[in-house]
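Geometric and topological summary
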Amino acid sequence: MITNVKLLKKETIARDTMAFYFEKPAGFEFRAGQFADYTLINPPETDEEGNTRGFSFITAPFEANIGAATRMRDTAFKRVLKDLAIGDEVKLDGPYGDFTLHKTESTPAVFIIGGIGVTPVRSMVAQAAHDRTQHKIILIHANRILEDAPFKLDFERLAEQNHNFRYIPVVTDEAPTTSKLEHGRVDEAMLKRYIAELNSPIYYLSGPEAMVKAIRQLLVGLKVNEDNIRTEEFAGY
Ligand SMILES: Cc1cc2nc3c(=O)[nH]c(=O)nc-3n(C[C@H](O)[C@H](O)[C@H](O)COP(=O)(O)OP(=O)(O)OC[C@H]3O[C@@H](n4cnc5c(N)ncnc54)[C@H](O)[C@@H]3O)c2cc1C
């Protein structure tokens, strides 16, 4: 579907990171984990990357609105996006993608995510909690510092609501302040602390290209079947 959507709300959700919520068009359907292309309409400035970016849905299909979240870097697109007024419209083209939760509920899901790559996971975990699916879900979410972690409160709330969901924030660049926080790069020892059988889950990797590649290599080195590794690379980070 290609249609214009109206901005309803914008908010800062982590350091230099904003969420934008839009009116859901009538009849618009998508699956948790998918994304859409957003195009600015007659923007006051542009650059060589153009007026369109792809963003995953942060909202789940059961929720009333659709939303996207992004790191607010200093590009023409993001300056214009940040300055949109409530009620302004952007063009939405979507949904696209198949980075969606597998159907077999007895197979666990392990998300190993870097930074803003967590956007589709917010949608999938919220929908799974809403549908009361029986998937065991682990989210290992790495950020440089805790302030960079989008949806931390959301994930904590979802873990309380859904006992099949476990949220493990990881910080790579700061000393941990509590024992609940993992510290340092995601490695074999960290995975083994949370995953009893490395070969039983389906793994979902999302984030900056370099991180996705490194985690895939780690898993393959641990003899995880590559058919059970699904990835979404966020080009541009
Ligand atoms: C399927 C899919 C889903 C995606 N979902 C999301 C999402 O949910 N949220 C999200 O934020 N992004 C998502 N992305 C990435 C998104 O589409 C953009 O590519 C990204 O946000 C970068 O846009 P930009 O305007 O900041 O940089 P662009 O203007 O597109 O420039 C990107 C290039 O410039 C460099 N660059 C620009 N600014 C800086 C800077 N300040 N520091 C270092 N390098 C810089 C980058 O390294 C890169 O090479 C997704 C991508 C895909 C393919």
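Predicted, not measured: the structure shown is a model, and the values here were computed from it.

Turning next to the sheet that holds strand β5 (residues 66-71). If you walk across this open sheet you meet the six strands as β4-β3-β6-β1-β2-β5, and the pairing is antiparallel. The open sheet terminates on both sides in strands that have one partner only, identified here as β4 (52-56) and β5. Averaged over neighbouring strand pairs, the angle between their axes works out to 40° when direction is ignored. In the sheet, strand β3 (residues 35-40) pairs with strand β6 (residues 89-96) via five bridges, with the strands oriented antiparallel. Bridge pairing in β6 places Y38 opposite L92. Each of β1 (2-14), β2 (17-22), β3, β4 and β5 is contacted by helix α1 (residues 76-83), which is oriented at about 65° to β4, the strand it contacts most.

The next subject is the sheet that holds strand β9 (residues 165-171). What the six strands build is an open sheet, ordered β10-β9-β8-β7-β11-β12; its pairing is parallel. Of all the strands in the sheet, just β10 (182-183) and β12 (229-233) have a single pairing partner and so form its edges. Examined bridge by bridge, strand β7 (residues 109-114) and strand β8 (residues 137-143) share six bridges and lie parallel to one another. In the strand pairing of β8, V110 is matched with I138.

What follows deals with unusual backbone geometry. Cis geometry marks the peptide bond from G94 to P95, where omega comes out at 0°. With a phi angle near 50°, R132 is a residue other than glycine that sits in the positive phi range. Mapped onto the elements of the fold, R132 is located in the loop between α2 (119-131) and β8. Residue classification places R132 among the exposed residues on the basis of a relative accessible area of 70%.

Counting through the fold element by element, S206 comes out in strand β11 (residues 202-207). A relative accessible area of 1% places S206 in the buried class. Note: C-alpha distance between S206 and N51 (155 residues apart in sequence) is 24 Å. Discounting residues that sit within four places of it in the chain, S206 has contacts with F99, I112, I113, G114, G117, P120, V212, E232 and F234.

With that settled, the discussion passes to the domain arrangement of the chain. Considered domain by domain, the chain is made up of domain 1 (2-96) and domain 2 (109-233). Taking only C-alpha atoms, the centre of domain 1 and the centre of domain 2 are 24 Å apart. Taken residue by residue, the interface counts 19 residues in domain 1 and 18 residues in domain 2. Together, the buried faces of domain 1 and domain 2 total about 1500 Å²; carbon and sulfur atoms form 57% of this surface. On the surface where domain 1 and domain 2 come into contact, there are two salt bridges. Along the contact surface separating domain 1 from domain 2 lie eight residue pairs in polar contact (both at pLDDT 80 or more). Those elements that provide at least two residues to the side of domain 1 that touches domain 2 are β1 and β5.

It is worth spelling out the pattern of salt bridges at this point. Following the criterion strictly, the structure yields 13 salt bridges and no others. Here E45 makes a salt bridge to R79, at a shortest N to O gap of 2.7 Å. With a gap of 34 residues between them, E45 in the loop between β3 and β4 and R79 in helix α1 connect regions that are remote in the sequence. The partly exposed category is assigned to E45, whose relative accessible area is 32%. Within this structure, E63, R122, D154 and R157 form a network of salt bridges that share partners.

Let us look at the site of the ligand. Around the ligand there are 20 residues in total, and G54, T70, T119, A235 and Y237 lie nearest to it. Interatomic distance of 2.9 Å between a side-chain N/O atom of R53 and an oxygen atom of the ligand. When the free accessible area of the ligand is taken as 950 Å², the share hidden by the protein chains comes to 69%. Those elements that provide at least two residues to the shell around the ligand are β4, β5 and β12. Class assignment for the residues of the shell around the ligand results in seven nonpolar, six polar and seven charged.

Rules behind the numbers
Residues numbered from 1 in each chain as written. Predicted model: local features only at pLDDT ≥ 70, side-chain atom pairs only at ≥ 80, totals over all residues. Heavy atoms only, no water. Pairing = 2+ DSSP bridges. Helix = DSSP H or I, 4+ residues; strand = E, 2+ residues; numbered from the N terminus. Axes fitted to C-alpha atoms, helices over the stretch in contact; angles between N-to-C directions. Contact = heavy atoms within 4.5 Å. Buried < 20%, exposed > 50% of the residue type's maximum accessible area, 1.4 Å probe, protein only. Domains from an automatic or database assignment. Buried area = accessible area lost by both parts, 1.4 Å probe. Salt bridge = Lys/Arg side-chain N within 4 Å of Asp/Glu carboxyl O. Polar contact = N/O pair within 3.5 Å; in protein donor to acceptor, adjacent residues only side chain to side chain. Near = heavy atom within 4 Å. Areas by Shrake-Rupley, 256 points an atom, 1.4 Å probe, with all protein chains shown as cover. Nonpolar A, V, L, I, M, F, W, Y, C, P; charged D, E, K, R; others polar.

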